[in-house]
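Coordinate analysis (summary)
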Amino acid sequence: MSEVLQKYLRENLDDLKQKGLLNSIDVLEDHNGPIIKINGHEMINLASNNYLGFASRDELKDADVAATEKWGVGAGAVRPINGTLMIHKELEEKIAEFKGTEAAIAFQSGFNCNMGAISAVMTKKDAILSDELNHASIIDGCRLSGAKIIRVKHQDMDDLRQKAKEATESGLYEKIMYITDGVFSMDGDVANLPEAVKVAEEYNLITYVDDAHGSGVMGHGKGTVKHFGLQDKIDFQMGTLSKAIGVVGGYVAGTKELIEWLKARGRPFLFSTSLTPGASAACIASLDLIMDHPEYVDQLWDNANYFKENLERIGFTLSKSETPITPVILGDENKTQQFSNKLIENGVYVKPIVYPTVPLGTGRIRNMPMRTHTKEMLDQAITVYEKVGKELDLI
């Protein structure tokens, strides 16, 4: 191994450890549900994106197995050659139905969906107005496009309007896009899409909403765009097929022309083997469950509201979350790591969220209540929070 590389890795890993920025990776010994087992210990799981508990749902497993039996474990090729199976077509039709659009395209993950979709439309002749707290995959997709990236202050519609005006009047760009998360995953706040759409219409901006944490959660499950009734105003509705959907993959929903273009120019779509048949079938089953059972989303929100109210009651400071995402803000990175370790020791599994996932000095424990948590589980977690919080003089 290169001595230069070894020296670089050793020094920088030590630096991360000293700053409390190096997270451990735990291995689950059972499915990722409301209770998980790690190193033989069962714990209440508050670290998962499995909002609706679908990752181990029987209907999804049955669909996965049946599709695997019929089509095999893999598609056998990239989509444009002969890796598009009937199950992929059915999935994309189901996504379009779910999101209320003309068409949809499925990618292998949410991350490479943003990498492929943004760079398929935006070029070095264009500009992208990007919320400063957008997800890493959005940032990387914008960079890959070569477009001029103009950071917009988080949720600041006056700043968006001013920068849209400046970019438009400069005459430097062929196209200008505004891109934002629908739900911001680290704080749980919701994008101000109604005001953003007004700015977009005023300055003829392309609109792109990454709704990874909104689909299955907002708008009776159909997402943040649906929550605001803006299906006809947003050009790109992007989302994942993991998180609330419970499987894996990403998608963009939009007009037929947009999807046709992405299938012709989206590089991950063109150059990487498509979703497995089993995953595709499981996603279809999941979307059907969400559309047929709106009470599942209501149950998620009921648990989330219950958990938030009780954490605040015992004295913890939460972010201004408008969603089930429940961050307990601590600030100091080492204190955040210590708090997480103590909670885990006491049977509540949460992970510290620190830089570079969030800015330095804003360390937090991000809790993700699930639909499948019982009130007894949440009560037990709240009791542990109170005990450890007092031990560490946090409350």
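Because the structure is predicted, anything quoted here is derived from the model rather than measured. (Residues numbered from 1 in each chain as written. Predicted model: local features only at pLDDT ≥ 70, side-chain atom pairs only at ≥ 80, totals over all residues. Heavy atoms only, no water.)

So, about a nonpolar patch on the surface. Taken together, the side chains of M1, L5, Y8, L9, L13, L16 and L22 present a nonpolar region at the surface, about 640 Å² in accessible area. The residue Y8 is located in helix α1 (residues 3-18) in this model. (Patch = residues over 30% accessible without salt bridge, like charges linked within 9 Å, V, L, I, M, F, W, Y side chains within 5 Å. Areas by Shrake-Rupley, 256 points an atom, 1.4 Å probe, with all protein chains shown as cover. Salt bridge = Lys/Arg side-chain N within 4 Å of Asp/Glu carboxyl O. Helix = DSSP H or I, 4+ residues; strand = E, 2+ residues; numbered from the N terminus.)

This part covers the nonpolar core. Formed by 37 residues in total, the largest nonpolar core has its most connected members in Y51, L52, F54, L91, I95 and L241. The set of elements that each furnish at least two residues to this core consists of α2 (58-71), α3 (86-99), β3 (103-107), β9 (250-254), α11 (277-292) and α12 (294-313). For this core, the element with the highest residue contribution is α11, accounting for eight residues. L241 has contacts with L91, I95, G246, V247, V248, G249, G250, Y251, L275 and C283, leaving out every residue within four places of it along the chain. One finds A120, I138, F236 and I259 within the second-largest nonpolar core, a separate group that totals 25 residues. (Core = buried A, V, L, I, M, F, W, Y, C linked by side-chain atoms within 4.5 Å. Buried < 20%, exposed > 50% of the residue type's maximum accessible area, 1.4 Å probe, protein only. Contact = heavy atoms within 4.5 Å.)

We now examine the sheet that holds β3. As summarised here, the arrangement of the seven strands in space is β3-β9-β8-β7-β6-β4-β5, forming an open sheet in which the pairing is mixed. Two strands in the sheet have a free side with no partner beyond their single neighbour: β3 and β5 (148-152). Here the average twist between neighbouring strands, direction ignored, is 20°. Examined bridge by bridge, strand β6 (residues 176-181) and strand β7 (residues 206-210) share five bridges and lie parallel to one another. Looking across to β7, one finds that D181 is bridged to D210. Lying on the sheet, helix α6 (residues 157-170) is in contact with β4 (127-131), β5 and β6; it crosses β5 at an angle near 155°. (Pairing = 2+ DSSP bridges. Axes fitted to C-alpha atoms, helices over the stretch in contact; angles between N-to-C directions.)

Right, let's talk about the environment of M291 for a bit. Summarising the element assignment, M291 is placed in helix α11. Counting along the chain gives 71 residues from M291 to H220, while the straight-line C-alpha distance between them is 8.6 Å. Setting aside residues no more than four positions away along its own chain, M291 makes contact with K94, E97, F98 and K222.

A word on the packing of helix α13 (residues 333-345) against helix α14 (residues 375-391). Here α13 crosses α14 at 130°, and the two axes come no closer than 10 Å. Taken together, the axes of α13 and α14 are oblique relative to one another. Relative to α14, the crossing made by α13 is right-handed. From α13, F339, K342 and L343 reach across to α14, where they touch V384, Y385, V388 and G389. Here the residues of the contact of α13 with α14 sort into five nonpolar, one polar and one charged. (Parallel < 35°, antiparallel > 145°, perpendicular 65-115°, else oblique. Left-handed = near helix turned anticlockwise from the far one by under 90°. Nonpolar A, V, L, I, M, F, W, Y, C, P; charged D, E, K, R; others polar.)

Turning next to the layout of surface pockets. Considering only enclosed or pocket space, the largest pocket measures out at about 1,000 Å³ in volume. Taken together, 36 residues line the largest pocket, and the ones lying closest to its centre are A136, M186, P356, T357 and V358. Taken together, the elements giving at least two residues each to the lining of the largest pocket come down to β4, α5 (136-145), β5, β12 (352-353) and β13 (363-367). Of the residues forming the lining of the largest pocket, the biggest block, five residues, is contributed by α5. Tallied by class, residues from the lining of the largest pocket come to 17 nonpolar, nine polar and 10 charged. Put simply, the second largest pocket is a space of about 440 Å³. Lining the second largest pocket are 22 residues, with D232, I234, D235, F236 and T255 sitting closest to its centre. Put simply, the parts of the chain that give the lining of the second largest pocket at least two residues each are α7 (193-203), β7, β8 (236-240) and α9 (256-265). By residue number, the principal contributor to the lining of the second largest pocket is α7, which donates three residues. Here the lining of the second largest pocket is built from residues that sort into eight nonpolar, eight polar and six charged. (1 Å grid on protein atoms, 1.4 Å probe; cavity = no way out; pocket = protein on both sides within 12 Å on 5 of 7 lines; lining within 4 Å. Points joined across faces, edges and corners; volume = space filled by probe spheres on them.)

By themselves, these observations are geometric and do not establish any function.
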